[in-house]
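What follows is each chain in one-letter form.
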Amino acid sequence: MDMALPVLDEAHAAFIVSGVSIVVAARDAHNAPTVVRAVGCRVSADRRRVTVFVPRPQAAALLDDVRANRELAAVFCQPSTHRTIQLKTRDAAFAALEPDDLALIAAETDLFVADIQKLEYPGEVARALVAHAPDDLTGIAFTPHAAFAQTPGPRAGEPLGA
Amino acid sequence: MPNRLPIALDAIRECLDGTIPAQLATCAPDGTPNVTYVSEVHFVDGQHVALSFQFFNKTRENILAHPRATALVNHPDTAARYRIGLHYLRTETAGPVFESMKAKLAGIASHTGMSGVFRLRGADIYRVLDIEHVPGIELPTRPANRNLLAAIRVCSQRVTASVDLASLFEAVLDGLESLCDIHHAMILMLAEQGDRLYTVASRGYAQSGVGSEIPLGAGVIGVAARERTPIRITYLTNEYAYSRAVRASMGADELAAKLETEIPLPGLAEPRSQLAVPIFGGSRLLGVLYVESPENRRFGYDDEDALVAVAAQVGTAIGALAQAAEHSEPANPHAGRTPVSGAQVTIRRYAENDSVFIGDDYLIKGVAGAIFWKLLRDYVYESRTEFTNRELRVDPAIRLPDVSENLEARLILLQRRLAERCDFVRIEKTGRGRFRLCVGRPVKLVEVAGAAAR
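Everything quoted here is computed from the prediction, not taken from an experiment. (Residues numbered from 1 in each chain as written. Chains lettered and ligands numbered in written order. Predicted model: local features only at pLDDT ≥ 70, side-chain atom pairs only at ≥ 80, totals over all residues. Heavy atoms only, no water.)

### Let's talk about the overall build of chain A
Let me state the cut-off plainly: Secondary structure counts use DSSP, requiring at least four H or I residues in a row for a helix and at least two E residues in a row for a strand, with both numbered from the N terminus. For the radius of gyration, the atoms used are the C-alpha atoms, and the globule rule reads 2.2 Å times the number of residues raised to 0.38. For each residue, the accessible area found with a 1.4 Å probe, counting protein chains only, is set against the maximum for its type, and the residue is called buried under 20%, exposed over 50%, and partly exposed in between. We call two residues in contact when some of their heavy atoms are within 4.5 Å. In these tables, accessible area is a Shrake-Rupley quantity obtained with a 1.4 Å probe, and a residue counts as shielded only by the protein chains included in the view.
Counting secondary structure elements, chain A contains four helices and nine strands. Helices (α) and strands (β) of chain A occur, in sequence order from the N terminus, as α-β-β-β-β-α-β-β-β-α-α-β-β. Expected size for 162 residues packed as a compact globule is a radius of gyration near 15 Å; at 15 Å, chain A falls within 12% of this value. Seen through its principal axes, chain A has C-alpha atoms that stretch 45 × 35 × 35 Å. The buried share among the 162 residues of chain A stands at 54%. Put simply, 68% of the contacts in chain A that link residues at least 6 apart link residues at least 24 apart. Counting only carbon and sulfur atoms, one obtains 57% of the accessible surface of chain A, whose full area is about 7,000 Å².

Listed below in structure tokens is the structure:
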């Protein structure tokens, strides 16, 4: 398993840290889903580990679910192009922020705002969507076991690289 | 069964307008969560929303197996976020909700470069289980620059006070302009045959377009009439442009040949916001009130509600005024022709479609053409100038159905076309359900069998 290629190739790894819109979902013991917007993302150098950052006050139910069953789905979408991918994992776990994570998140936020402005949409609203108090953030780290193309069109739903 | 939600769904309707795409989380039977973008979450009523079903995907599979879902929506101006717990009920592939969503999606697709990719397969109807206001940074709401409730109140008063159909239409268009800041509007009536609408009044266009027609089902206006539901589009889209819609319907059926095409529809070349609201008299469709704007997202749910409220008043008033116009005093039989001067003008009528030409210039056809011809004949051969609505109704040559709103509307149409196209014939109201034909030049009437060759 460890010797297998990572689910994310270089292009997709670069894509998910390029200031895209990130939303994650989990589910409880009754399979009732919950969903929250993440404010940024980090990918490990070997592309096997992904960490998304969510504000805890917005994600209470989701954090409980992740703690309970470690299932997580994360969707990454570039608003201006609709290019979208979804990652799935069964090993999600909390991760502390690393020293340069806040700078990474700030840089991704600027790219996200710039992208949304291409759609003639006010930048301040885009910025508010991902605004957060740094102390509120937690990382959720995971190894994606599957990745799917979700860009609207005929290839939506196909595994990446298919 | 309706449980009261802690946050009313209609209080967060602005989040359900497709400006910021929503996200939808579902779960597979094996416990694998799934999350996807949804182009459109549509407000159905206080307990239900509809989500756009565009692609067969994992979401589809999941909700069919396990109906529980959760949507994340945002306020387009404040970024306020809400999680909406949902239970999938059914998918609709036709009808008012479907058509409303299809039209709105066309605007969203066009605005985001996805025309041809976004296609509504169905409207997925969900019951709302709960609404959670997610904490987070929110921008202040913009102060409203108009109060729609106050505007509806004044509009309603003016509508109710109107003494005839022409002043009613003016009251509505004036009210929209001065109270609601809506500068491009038209009122269309459903034609006697029920297959098309004709413009009877408009505001804000270089040409009034009065008399122009649109088939049921064509463009925003035609779809609103066919589905008997408001249709609202928040961005520019070619798909629902009425000029294009009318052209597309041409040649497709017999109606195309009968449709008024000499008079172009008024309308903005590139409307970025469009809203068409049906006008009902009781349960009968009478017409459509249509507004448009060169701005994106100009009309929201509140504007739609305001127009629906005004249209309800208009529908009731149209019925009452049409009834009143039928009970007119008899016309004055002693009123004679007034002197004429100038060169004689030939007025032709083509029997096949009742089209009337003054000299070489097209004036009108159909019911209004038949009415005009009856008036002219009575004027020329019986020297009559005074008429009543009632006698037109019973005249077999005009072929009006029993339902009465259209006679008055057709007279307005004729009166306006004459005002716009002919400087020596006019129609003057002389009282409730009575009017006078004023002719200023000598006229010669010529009947032509068949249709005008144009």
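### Some words on the interface of chain A and chain B
Defined as follows: Accessible-area loss on putting two parts together, using a 1.4 Å probe and summing over both, is the definition of buried area adopted here. Salt bridges are identified by distance alone: a Lys or Arg side-chain nitrogen within 4 Å of an Asp or Glu carboxyl oxygen. As used in this structure description, the phrase polar contact means that two N or O atoms lie within 3.5 Å; if the pair is within protein, one of them must be able to donate a hydrogen and the other to accept it, and residues adjacent in sequence are counted only when both atoms belong to side chains. Any residue outside Ala, Val, Leu, Ile, Met, Phe, Trp, Tyr, Cys, Pro, Asp, Glu, Lys and Arg is labelled polar, Gly included; the first ten of those are nonpolar and the last four are charged.
Of the residues lining the interface, 38 residues belong to chain A; the matching set on chain B comes to 42 residues. For the pair chain A and chain B, the summed buried surface comes to about 3,100 Å²; carbon and sulfur atoms form 62% of the total. Inspection of the chain A/chain B interface yields zero salt bridges. For the pair chain A and chain B, the number of links is 16 residue pairs in polar contact (both at pLDDT 80 or more). When residues of the side of chain A that touches chain B are traced back to their parent elements, those giving at least two are strand 1 (21-27), strand 2 (33-38), strand 5 (72-77), strand 6 (84-89) and helix 4 (123-129) of chain A. Among the elements that line the side of chain A that touches chain B, the one with the most residues is strand 1 of chain A, at six residues. Taken together, the residues of the side of chain A that touches chain B break down into 21 nonpolar, eleven polar and six charged.

### Side note on the sheet that holds strand 7 (residues 93-95) of chain A
Residues and elements named next belong to chain A. Applicable threshold: Note on pairing: two strands pair once DSSP finds at least 2 bridges between them. An axis is simply a line fitted to the C-alpha atoms; with a helix, the fit covers only the stretch in contact. Between two such axes, the angle follows the N-to-C directions and lies from 0 to 180 degrees.
Here we have four strands laid out as an open sheet, ordered 3-4-8-7, and antiparallel in their pairing. The open sheet has two edge strands, strand 3 (40-43) and strand 7, and neither has a second partner. Shown here is a sheet whose adjacent strand axes are inclined to one another by a mean of 35 degrees, direction ignored. Those strands touched by helix 3 (residues 101-117) are strand 3, strand 4 (50-55) and strand 8 (137-142), and its axis lies near 120 degrees from that of strand 3.

### Quick word on unusual backbone geometry
Excluding glycine, a negative phi dihedral is what most residues carry, and trans is how most peptide bonds are arranged. Positioned with a positive phi, N31 of chain A is a non-glycine residue whose angle comes to about 65 degrees. Mapping N31 of chain A onto the fold places it in the loop between strand 1 and strand 2. Residue N31 of chain A is classed as buried on the basis of its relative accessible area, which comes to 13%. Residues other than glycine seldom take positive phi values, yet S383 of chain B does so here, at roughly 55 degrees.

### Focus on the pairing of strand 2 of chain A
All names here are of chain A. Within strand 2, six of the six residues are buried, which leaves it mostly tucked inside the rest of the structure. On strand 2, burial covers both faces: P33, V35 and R37 on one face and T34, V36 and A38 on the other are all buried. Direction of pairing for strand 1 relative to strand 2: antiparallel, over a ladder of six bridges. Pairing of R27 across the sheet is with P33, part of strand 2. Hairpin connection between strand 1 and strand 2: a loop of five residues separates the two successive antiparallel strands, and N31 in this loop has a positive phi of roughly 65 degrees.

### Section: the side chain of H48 of chain B
Residue and element names in this part refer to chain B. Locating H48 in the fold gives a position in strand 4 (residues 48-53). We classify H48 as buried; its relative accessible area is 17%. In terms of polar contacts, H48 uses its side chain to reach the side chain of D45, at 2.9 Å. Leave out the neighbours within four places in its chain, and H48 touches L9, H42, F43, L89, I125, Y126, R127 and V128.

### Topic: the domain arrangement of chain B
Basically, it comes down to this: What counts as a domain boundary in this text is fixed by an automatic or database domain assignment.
With domains assigned, chain B is organised as domain 1 (9-134), domain 2 (148-326) and domain 3 (345-448). Here the C-alpha centre of domain 3 of chain B lies 52 Å away from the C-alpha centre of domain 1 of chain B.

### Examining the pattern of salt bridges
All names here are of chain B. The tally for this structure, following the rule as stated, stands at 41 salt bridges over all chains. Close ionic contact of E99 with R226 constitutes a salt bridge, the shortest N to O distance being 3.4 Å. Residue E99 is found in helix 2 (residues 96-111), and its partner R226 is found in helix 5 (residues 219-227); the two are separated by 127 residues along the sequence. Note that E447 and R349 form a salt bridge whose closest N and O atoms lie 2.6 Å from each other. Of the two residues, E447 sits in strand 20 (residues 443-448) while R349 sits in strand 14 (residues 345-350), which places them 98 residues apart along the sequence.

### Brief notes about the packing of helix 8 (residues 301-326) of chain B against helix 11 (residues 405-421) of chain B
Residues and elements named next belong to chain B. Stated formally: Between 65 and 115 degrees an angle is taken as roughly perpendicular, under 35 as roughly parallel, over 145 as roughly antiparallel, and anywhere else as oblique.
Two numbers describe how helix 8 lies on helix 11: the axes approach to 8 Å, and their chain directions differ by 85 degrees. Between helix 8 and helix 11, the angle is such that the two are roughly perpendicular. Contact residues: I318, G319, A322, A325 and E326 in helix 8; E405, L407 and E408 in helix 11. Here the residues of the contact of helix 8 with helix 11 are counted per class, giving four nonpolar, one polar and three charged.

### A few points about helix 1 (residues 58-65) of chain B
Two residues of an α-helix separated by three or four positions point the same way, owing to the 3.6 residues in each turn. Residue and element names in this part refer to chain B. Where we set the bar: By construction, the arc corresponds to the directions joining the helix axis to the C-beta atoms.
Taken as a whole, helix 1 has its buried residues at T59, R60, N62 and I63. Taken end-on, helix 1 shows its buried residues confined to a sector of 165 degrees, consistent with a single buried face. A distance of 3.2 Å separates the backbone nitrogen of T59 from a side-chain oxygen at the start of helix 1, and that oxygen is part of N57.

### Here we look at the nonpolar core
All names here are of chain B. Note the following rule: Residues enter a nonpolar core if they are buried and are Ala, Val, Leu, Ile, Met, Phe, Trp, Tyr or Cys, with the set joined through side-chain atoms within 4.5 Å.
Among the nonpolar cores identified, the biggest contains 75 residues, and L168, F169, F372, L414 and L437 are the most heavily contacted of them. Two domains each provide a minimum of three residues to this core, namely domain 2 (148-326) and domain 3 (345-448). With sequence-adjacent residues up to four places away left out, F169 is seen in contact with I187, M189, V200, A201, I318 and I412.

### So, the sheet that holds strand 10 (residues 213-215) of chain B
All names here are of chain B. Spatially, the six strands line up as an open sheet ordered 10-9-8-13-12-11, and their pairing is antiparallel. Two strands in the sheet have a free side with no partner beyond their single neighbour: strand 10 and strand 11 (231-233). Averaged over all neighbouring strand pairs, the angle between strand axes comes to 25 degrees, with direction disregarded. Pairing geometry for strand 11 and strand 12 (residues 273-281), over three bridges, is antiparallel. Residue pairing in the sheet places R232 in a bridge with L275 of strand 12.

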